[in-house]
Amino acid sequence: MPTDDTMAQAIEIEGSLAVISRLKNAASTAAIVGSSLMIAGCALEATAEETAEQSAALVCDLPTQAVITNTGPDRYRSEQQVLLDAPVGKVWAKLGSLETFFEIALPNATDLHWVVGNGKSVGDELNFILDGGLIRLLVVDRDQQEHRFQYRLIEPSLGIEELESTLTLRPCGNRTELVWVRDFRMSEGVSFGPLSEVVQQEFANLIARFSS
């Protein structure tokens, strides 16, 4: 017959095994719960993505418009937007460089060349001749991932004292939302009328380039 000490050891071992078993079960349960939480997280993320896609689809109903506003003495803002019939990668390949951008927007511009850099970096300078005047533009910002660039006029020309411009492209499925905002300050007494016609023609040239 087993002694009291032997029986006590058996009870202790059995108790330890029970504790280990409970710990294993608890760990297994925790893993299952953790998986459930991860699955739920994925489901929530998918829902958020679907919502974003639906929002993007609504944005893709962007109307074509061009508005010029007098924002102060000799100051004007041009806001233009259009939905182009081409994917954003294709549009950016053409418009992502300031040089190719103006080759399309201003086909009557001549002697386009980079004085500094090649248009891929902040601080690069593009020069060209328009209506007998020298236009010097500086790349202020260029974001490859966001499909956006900004430029400004370095020195007055053709009656324009200051120019700050931002062009942004956003994907809309197989189409591209183009938003072009420009702020002008004209020389005192110089009418914005003739330049307004140039601004509208530039916009029309961009649309024509990507029309299906």
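Residues numbered from 1 in each chain as written. Predicted model: local features only at pLDDT ≥ 70, side-chain atom pairs only at ≥ 80, totals over all residues. Heavy atoms only, no water.

## Comments concerning the environment of Ile 135
Next up, step 1: Tracing the backbone shows Ile 135 in strand E5 (residues 133-143).
Next up, step 2: Placed 23 residues apart in sequence, Ile 135 and Leu 112 show a C-alpha to C-alpha distance of 9.5 Å.
Next up, step 3: For Ile 135, the contacting residues outside a window of four places in its chain are Leu 126, Asn 127, Phe 128, Leu 130, Leu 153, Ser 157 and Leu 158. (Helix = DSSP H or I, 4+ residues; strand = E, 2+ residues; numbered from the N terminus. Contact = heavy atoms within 4.5 Å.)

## With respect to the pattern of salt bridges
Next up, step 1: Applying the stated criterion across every chain, the model contains 10 salt bridges.
Next up, step 2: Across the pair Arg 148 and Asp 143 runs a salt bridge whose closest N-O atoms are separated by 3.8 Å.
Next up, step 3: For Arg 148, a relative accessible area of 24% translates into the label partly exposed.
Next up, step 4: Here Asp 143 falls in the partly exposed class, since its relative accessible area comes to 22%.
Next up, step 5: Across the salt bridge formed by Arg 170 and Glu 177, the nearest N and O atoms sit 2.9 Å from each other.
Next up, step 6: Arg 170 gets classed as partly exposed once you look at its relative accessible area, which sits at 40%.
Next up, step 7: Since its relative accessible area comes to 6%, Glu 177 is described here as buried. (Salt bridge = Lys/Arg side-chain N within 4 Å of Asp/Glu carboxyl O. Buried < 20%, exposed > 50% of the residue type's maximum accessible area, 1.4 Å probe, protein only.)

## Here's the deal with the side chain of Thr 176
Next up, step 1: Inspection of the secondary structure assignment puts Thr 176 in strand E8 (residues 175-186).
Next up, step 2: A polar contact is formed between the side chain of Thr 176 and the backbone oxygen of Ala 86, at a distance of 2.7 Å.
Next up, step 3: A polar side-chain atom of Thr 176 sits 2.9 Å from the main-chain amide nitrogen of Val 88.
Next up, step 4: In this structure, Thr 176 is in contact with Val 82, Leu 83, Leu 84, Ala 86, Pro 87, Val 88, Val 91, Leu 169 and Arg 170, ignoring residues within four places of it in sequence. (Polar contact = N/O pair within 3.5 Å; in protein donor to acceptor, adjacent residues only side chain to side chain.)

## Notes on the sheet that holds E8
Next up, step 1: Read from one edge of the open sheet, 8 strands run E1-E2-E8-E7-E6-E5-E4-E3, paired in antiparallel fashion. Across the chains shown, the open sheet's two edge strands, defined by having one partner strand only, are strand E1 (65-72) and strand E3 (110-116). Between one strand axis and the next, the sheet turns through 20° on average, direction left out of account.
Next up, step 2: Pairing of strand E4 (residues 125-130) with E5 involves 6 bridges; the strand directions are antiparallel. Note on E5: the bridge partner recorded for Glu 125 is Leu 138. (Pairing = 2+ DSSP bridges. Axes fitted to C-alpha atoms, helices over the stretch in contact; angles between N-to-C directions.)

## A closer look at the side chain of Ser 157
Next up, step 1: Summarising the element assignment, Ser 157 is placed in the loop between strand E6 (148-153) and strand E7 (160-172).
Next up, step 2: For Ser 157, a relative accessible area of 9% gives the class buried.
Next up, step 3: At 2.9 Å, the side chain of Ser 157 and the backbone oxygen of Leu 134 are in polar contact.
Next up, step 4: In this structure, Ser 157 is in contact with Gly 133, Leu 134 and Ile 135, ignoring residues within four places of it in sequence.

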